[in-house]
Amino acid sequence: MGAARGSRVIDILPAGDVVIAQESGSTVTLMSSSNGSNRWSTDLTGPLTKWVGMIQDSTDPERFIVASESEGFVLAKANGNLIAREKFERVVNTKPVQDGRMLVFGTSTGHLTAHIMGSGVSAWAFTSIGSFDTDLVRVGPYVGAVSQGGDVLVLTPRGDLVGRARVFGRVDSRPVSDGQSIFVASRDQSIWAFASTGATLWRHRTPNAITAQPTPHEGVIYCHLRDEGMTALNAATGEVLWQNPAAKGEIIAVRNGRLLAWDGVTLATLDPARGDIVDAAQLPGITRIVTDAFIDGNLYAASDQNVLARFVPR
């Protein structure tokens, strides 16, 4: 991707006919998704900038927003030209969730805040307990967030509190949602399910702190537990459907009706009904995998040499 020596890919964003990748040295490269040819590449700032995420502008798909902790860079899809620089009032710490002209972030000072694009000011800020170190999540029309102080929040994009709950440990993974409920894996040795009102739906307790990323899909929550292995829970009740100690990692996609589990070294396919490992492949040098569609989408894999490859369903 023409990245600087010693840098690594930190984000990949598939966007229809293109895929955009960012490396730690602040280079952003846009490629054709059909053949991988580079359309443009640009350096935004210096190598010491902390980046929090990038999105395609929902109000104008011909623009991308690449956010650092202090500002957002608005780039033209056609040529990579810098259209605008959005200065944030607060230092932000999470990938933005966009609602119209507002970008909603979490901060390390325990705030949820909404930046109004084109204004340089915040629309609102909500004070919580503990920093927000993991990304926010859409919960239907709302925004969900979990702080390191155990504060579970559901707010409207306008900053109105819809629901509030608590977990009793720090979180290492982002909260996830099936569109109605919010699911949280916590170091308090539990996977939690909350309604958007903040009501606790269920709690699945385990012997160890949970640091893995849970994944919701078709009424099931998949999460790797240290002793039990990959675990499938009924999203409505928390009932254990199956466990496989030999399977681990994060469920990143479904391919040909099978779950794809990635642990940073091995990509495995699992039977969704029983959790059996159907096949597995070692992927040396691969540092990041994303998909453009959870079910039978293209897989984009980045290597430690800053090479991006696309794998298509067959």
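Caption draft 1: Geometry of the sheet that holds strand β8 (residues 82-87). Taken together, the four strands give an open sheet; going across it, the order is β5-β6-β7-β8, and neighbouring strands pair in antiparallel fashion. Looking at the sheet topology across the chains shown, the edges are occupied by β5 (51-56) and β8. Strand-to-strand twist of the sheet, defined as the mean angle between neighbouring strand axes without regard to direction, takes the value 15 degrees. Where strand β6 (residues 63-68) and strand β7 (residues 71-76) come together, five bridges link them in antiparallel fashion. Paired with I65 across the bridge in β7 is V74.

Caption draft 2: Geometry of the sheet that holds strand β2 (residues 18-23). The antiparallel open sheet is built from four strands, whose spatial order is β1-β2-β3-β4. Of all the strands in the sheet, the pair left with one neighbour each is β1 (9-15) and β4 (38-43). Strand-to-strand twist in this sheet, taken as the mean axis angle between neighbours without regard to direction, amounts to 15 degrees. Bridging between β1 and β2 involves six bridges; their strand directions are antiparallel. The residue bridging A15 from the neighbouring strand is V18, located in β2.

Caption draft 3: Here's a closer look at the side chain of S147. Looking at where S147 falls in the secondary structure, it is placed in the loop between β14 (142-146) and β15 (151-155). Residue S147 is classed as buried on the basis of its relative accessible area, which comes to 0%. A polar side-chain atom of S147 sits 3.2 Å from the main-chain amide nitrogen of G149. Dropping the residues within four chain positions of it, S147 is found in contact with S128, I129, G130, S131, F132 and V171.

Cut-off values and rules
- Residues numbered from 1 in each chain as written.
- Predicted model: local features only at pLDDT ≥ 70, side-chain atom pairs only at ≥ 80, totals over all residues.
- Heavy atoms only, no water.
- Pairing = 2+ DSSP bridges.
- Helix = DSSP H or I, 4+ residues; strand = E, 2+ residues; numbered from the N terminus.
- Axes fitted to C-alpha atoms, helices over the stretch in contact; angles between N-to-C directions.
- Buried < 20%, exposed > 50% of the residue type's maximum accessible area, 1.4 Å probe, protein only.
- Polar contact = N/O pair within 3.5 Å; in protein donor to acceptor, adjacent residues only side chain to side chain.
- Contact = heavy atoms within 4.5 Å.

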